[in-house]
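Coordinates in review
Below are the chains, spelled out letter by letter.
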Amino acid sequence: MMQQVNLGLIGGGTVGGAVFAALSERADLLTARLGLRLSVVSMAVRDASRPRAFEIPASLLAKDWKAVVHNPNVHVVVELMGGTTTAREAVLAALQHGKPVVTANKALLSAHGEELFAAARANLANLYYEASVAGGIPIIKILRESLVGNRTLALRGIVNGTCNYILTRMKLEGADFADVLADAQRLGFAEADPSLDVDGHDAAHKTGILASLAHGFWVRPEQVHVEGIRHVSRIDIQMAERLGYTIKLLGVVKNMAARAGKGRRSKAGILVAVYPALVRNDHVLASVNHAFNAVAVRGDMVGETLFYGRGAGGNPTASSVLSDLADAALDLRHDSHERVPAFVPHARGKTHVVPMAEAVSRYYVRLTVMDRPGVFARVASVLGAAKIGISSIFQPEGHEGEAVPVILMLHDASHAVLQKAMARIARLPAVRGIPTVLRVEDTEGA
């Protein structure tokens with residue numbers, strides 16, 4: 001019986017270094033718990049001369065990923081290089097050789113997941129990806145295994161730490177987006193080019209993976225509606241608080257019978273989207289602050305559950321990689337090719353991704369209008385013609401001048417109907433600029 005599983009690592013950055021260090025420092029602990037030893041026998045890094053917090057023995061260094069994948073002594077390949085081009089080549093090559101692969105690469109899975117899982121099935125090799133979503137939170141295993149008897153009714157996640165850090169500081173300090181972003185870049189919480197995070201794309205990669213896993217069919221990246229947080233201002237944060245809400249960037253996956261029009265419903269499907277939303281202050285997601293992540297999952301048997309922790313960083317992500325390595329090692333030892341499938345074949349074709357145009361929500365709207373009589377009436381007239389109800393409308397005090405903010409809370413409307421109404425309102429002579437529109441997330445329903 002196999003007593004040692006040999007690992008080949010590709011990538012020695014923040015996560016790769018943390019994984020290598022953890023395997024070295026915790027070797028005895030892992031051996032005691034697994035009944036076999038995990039041993040790194042080959043490691044490829046982009047620049048072997050780069051200073052690192054850990055030392056890679058020269059005997060382990062490989063010249064490139066091919067030397068790792070094709071090494072006959074490597075049993076499991078660990079892809080931690082990032083990117084979607086070379087990483088795809090490396091992962092496909094390993095799977096085609098029948099070698100299990102562990103990856104933390106959410107962009108790779110988002111772009112090529114369907115192809116990679118097909119290659120894994122065809123070659124009787126497992127693909128493990130716990131670290132690809134929410135860092136140290138074991139959300140993949142929870143959806144695939146712990147909640148295997150549940151139908152997922154809704155999933156809402158704060159899955160991007162940079163955006164959550166920015167929105168938290170905007171709320172706590174009353175600061176503007178641009179100022180907090182600049183400070184986050186200085187402190188290393190945001191990249192020099194922050195677009196992947198603040199425009200919602202990183203969260204979309206992760207949300208698409210969770211949607212695919214929760215509903216048993218592959219959700220393509222272009223099916224995920226994506227909005228970022230650049231348009232969220234200090235006044236929106238303050239008005240949300242006044243109304244009893246906190247603004248969070250959410251990855252949302254939920255069942256919904258999207259209303260195509262008043263009194264008519266379209267075929268049931270799932271919404272997969274990333275957007276900033278107002279979350280009630282009494283919901284647990286509202287209290288998830290700074291760079292922490294959380295995923296709330298509602299199952300039809302278990303009800304509401306919440307999983308919280310650090311969503312990024314070397315050690316939290318390495319923790320999830322070690323979890324996958326433990327599974328991979330034990331699966332090899334017991335010749336298990338697949339315990340719980342990533343996708344459920346009978347679910348294929350039974351549902352679909354609902355276009356955002358059909359999605360129904362309540363809304364928060366901020367307009368900048370000329371301070372003159374009759375403006376409210378004109379705005380209400382446009383909304384009334386679109387059959388969109390107003391639950392409240394007010395003008396915050398302390399704003400003087402020719403143009404002032406007006407806040408509206410709107411009843412349920414489809415995205416398409418609301419967009420048309422907002423375009424008409426933006427053309428009113430008394431309205432200045434583009435309306436700010438945020439969804440009010442209904443955490444009580446599906």
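Residues numbered from 1 in each chain as written. Predicted model: local features only at pLDDT ≥ 70, side-chain atom pairs only at ≥ 80, totals over all residues. Heavy atoms only, no water.

Here we take up the confidence of the model for the protein. Per-chain confidence: the protein averages 91 in pLDDT, with 93% of residues scoring 70 or above. Below a pLDDT of 50 lies the segment residues 258-266, which in the model reaches 15 contacts outside its immediate sequence neighbourhood of four places, other chains included. (pLDDT = per-residue confidence, 0-100. Contact = heavy atoms within 4.5 Å.)

A few words on the packing of aromatic side chains. In this structure the tally under the stated criterion is four aromatic pairs. Here the aromatic rings of F117 and W218 are separated by 6.1 Å at their centres, their planes lie at 50°, and the arrangement is tilted. Here F117, found in helix 5 (residues 106-122), pairs with W218, found in the loop between helix 10 (201-215) and strand 8 (225-226); they are 101 residues apart in sequence, far enough to count as distant. The exposure class assigned to F117 is buried, which follows from its relative accessible area of 7%. Overall, W218 belongs to the buried group, its relative accessible area being 11%. (Phe/Tyr/Trp six-rings, centres within 6.5 Å; stacked < 30°, edge-to-face > 60°. Helix = DSSP H or I, 4+ residues; strand = E, 2+ residues; numbered from the N terminus. Buried < 20%, exposed > 50% of the residue type's maximum accessible area, 1.4 Å probe, protein only.)

Across soluble globular proteins, you tend to see nonpolar side chains buried next to one another. By size, the foremost hydrophobic cluster in this structure holds 82 residues, and its most contacted members are I139, I166, I229 and L278. Broken down by element, this core gets its largest block of residues, seven residues, from helix 4 (residues 86-96). Setting aside residues up to four positions removed in sequence, I166 forms contacts with F177, V180, L181, A184, V198 and I229. Membership of the second largest hydrophobic core comes to 33 residues, among which are L30, A104, V321 and A326. (Core = buried A, V, L, I, M, F, W, Y, C linked by side-chain atoms within 4.5 Å.)

Following the criterion strictly, the structure yields one cavity of 30 Å³ or more and no others. Volume-wise, the largest cavity comes out at about 40 Å³. Together, G157, I158, V159, N160, C163, N164, A203 and L249 line the largest cavity. Mapped onto the lining of the largest cavity, the elements with two or more residues apiece are strand 7 (152-158) and helix 7 (161-173). Its residues placed into classes, the lining of the largest cavity shows five nonpolar, three polar and no charged. (1 Å grid on protein atoms, 1.4 Å probe; cavity = no way out; pocket = protein on both sides within 12 Å on 5 of 7 lines; lining within 4 Å. Points joined across faces, edges and corners; volume = space filled by probe spheres on them. Nonpolar A, V, L, I, M, F, W, Y, C, P; charged D, E, K, R; others polar.)

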